[in-house]
Amino acid sequence: MALQGTRRQLGDVVIVDFSGKITLGEGSATLRKTVRDLVDSGSKKILLSLYDVDYIDSSGIGELVSAYTTVKNASGELKLLHLTKRVHDILQITRLFTVFDVQSDENTAVHSFKS
Amino acid sequence: MPAKAQRIEVTLETLLESVDLAESISMRVAEAAGFPEEEVHKIGMAVREGVINAYNYGNQQDRHKKIMMTVELEPENMIVRVLDQGHGFELTEIPDPLAEENLLRTSGRGLFLMRAFMDEFKVGRGPEGGAELTMIKKLPQTVSGNGKHQPE
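All of the points below concern the structure found in this document.

What counts as what
- Residues numbered from 1 in each chain as written.
- Chains lettered and ligands numbered in written order.
- Predicted model: local features only at pLDDT ≥ 70, side-chain atom pairs only at ≥ 80, totals over all residues.
- Helix = DSSP H or I, 4+ residues; strand = E, 2+ residues; numbered from the N terminus.
- Buried ≥ 20, exposed ≤ 12 C-beta atoms within 10 Å, placed from the backbone.
- Contact = placed C-beta atoms within 7 Å.
- Pairing = 2+ DSSP bridges.
- Axes fitted to C-alpha atoms, helices over the stretch in contact; angles between N-to-C directions.
- Parallel < 35°, antiparallel > 145°, perpendicular 65-115°, else oblique.
- Left-handed = near helix turned anticlockwise from the far one by under 90°.
- Nonpolar A, V, L, I, M, F, W, Y, C, P; charged D, E, K, R; others polar.
- Core = buried A, V, L, I, M, F, W, Y, C linked by C-beta atoms within 7 Å.

1. What about the overall build of chain B?
Counting secondary structure elements, chain B contains 3 helices and 5 strands. From first element to last, N terminus to C terminus, chain B shows the α and β order β-α-α-β-β-α-β-β. Taking all 152 residues of chain B together, 37% fall into the buried category. Across chain B, the fraction of contacts at a sequence separation of at least 24, relative to all contacts at a separation of at least 6, is 66%.

2. Structural notes on the sheet that holds strand β2 (residues 66–73) of chain B
Residue and element names in this part refer to chain B. Across the sheet, 5 strands lie side by side as β1-β2-β3-β5-β4; this open sheet has antiparallel pairing. Edge positions in the sheet fall to β1 (6–13) and β4 (120–125), since each has one partner strand and no second. Each adjacent strand pair in this sheet contributes to an overall mean axis angle of 15°, direction not counted. Strands in contact with helix α2 (residues 37–58) are β1, β2, β3 (77–83) and β5 (131–138); relative to β5, the strand with the most contacts, it is inclined by about 175°.

3. Concerning unusual backbone geometry
All names here are of chain A. Its identity as a non-glycine residue notwithstanding, R95 has a phi of 65°, on the positive side. Tracing the backbone through its elements, the reader meets R95 in the loop between α3 (85–93) and β5 (101–103). For R95, a count of 14 C-beta atoms within 10 Å puts it in the partly exposed group.

4. Observations concerning the interface of chain A and chain B
Of the residues lining the interface, 16 residues belong to chain A; the matching set on chain B comes to 16 residues. In terms of residue count, the dominant contributor to the side of chain A that touches chain B is helix α2 (residues 58–73) of chain A (7 residues).

5. A look at the packing of α2 of chain B against helix α3 (residues 110–117) of chain B
All names here are of chain B. Put simply, α2 and α3 touch, their axes get as near as 9 Å, and they point 150° apart. By the angle between their directions, the pair α2 and α3 is classed as roughly antiparallel. The hand of the α2/α3 crossing is left-handed. Of the residues in α3, those in contact with K42, I43, M45, A46, E49, G50, I52 and N53 of α2 are G110, L111, L113, M114 and F117. A class-by-class count of the residues in the contact of α2 with α3 yields 8 nonpolar, 3 polar and 2 charged.

6. Comments concerning the nonpolar core
Residue and element names in this part refer to chain B. I43, A46, V51, M69, M78, V82 and M114 are the most contacted members of the largest nonpolar core, which has 34 residues in total. Sorting the residues of this core by element identifies α1 (16–32), α2, β2, β3, α3 and β5 as the ones contributing at least two each. It is α2 that contributes the most residues to this core, 8 residues altogether. Apart from residues no more than four positions distant in its own chain, V82 is found in contact with G50, V51, A54, I67, M69 and L133.

7. Notes on the sheet that holds strand β2 (residues 13–22) of chain A
Residue and element names in this part refer to chain A. Strand order across the open sheet formed by 5 strands is β1-β2-β3-β4-β5, with mixed pairing between neighbours. The open sheet terminates on both sides in strands that have one partner only, identified here as β1 (4–10) and β5. Within the sheet, the average angular offset between the axes of one strand and its neighbour, ignoring direction, is 25°. Summarising the sheet, β1 and β2 pair through 7 bridges and their orientation is antiparallel. Its bridge partner being in β2, Q9 is matched across the sheet by V14. Relative to strand β4 (residues 77–81), α2 is tilted by about 140°, and along the sheet it contacts β2, β3 (45–56) and β4.

Here it is in structure tokens:
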């Protein structure tokens, strides 16, 4: 299934609910464009909810890392929420849990951003 | 387990669609060989990464080049080979994606994932110099000749 992202706002935090696969091609491109658009529009607190993303490949992992650095370079914060087991396992074996702030509760995640 | 070796050979175009196709073929074979669902997923993902490697780095997305994939079921192993028409590479040339200084790199994790998801992983050279990736997964011990799990 092609990756789709639905945006919503809670205070100054933008939450993007993704569903589908983050893989080489369309999925990675959708993630890149979504994050780029948010940064370009001035969003500094971005929470990517991956509840409905059960597949990510090395290209998708690279895109997540790129999203992280893009937001950080714009003085913002990017966090991940609700990882599926497969995405969780991939981030764990690639040691990216040490890079990303991964949250499991939306309310806690929203309040964890620096004010 | 299969009574004798079975082999599928596929010549793939250097196209994005070939990545999905190769993954799908390998998952079907793995499923038929009796691997459990999560192992089928891992085999499919390893093969996907192998073909992405051939598409991006080996053949440099050159549509005139081909990617050759073979999937073999031997009595004890499922063996997948992915051969590209690039210049080949040595595993020692590839930076460790788990090293602290490489964690923020946006590429370079494919080979690591292939190694993580399969029992054996080797990089060699094809007859014309391209990289040949060999991935081996041991067949489940509980699989019978018809590819179905036997009750324990």
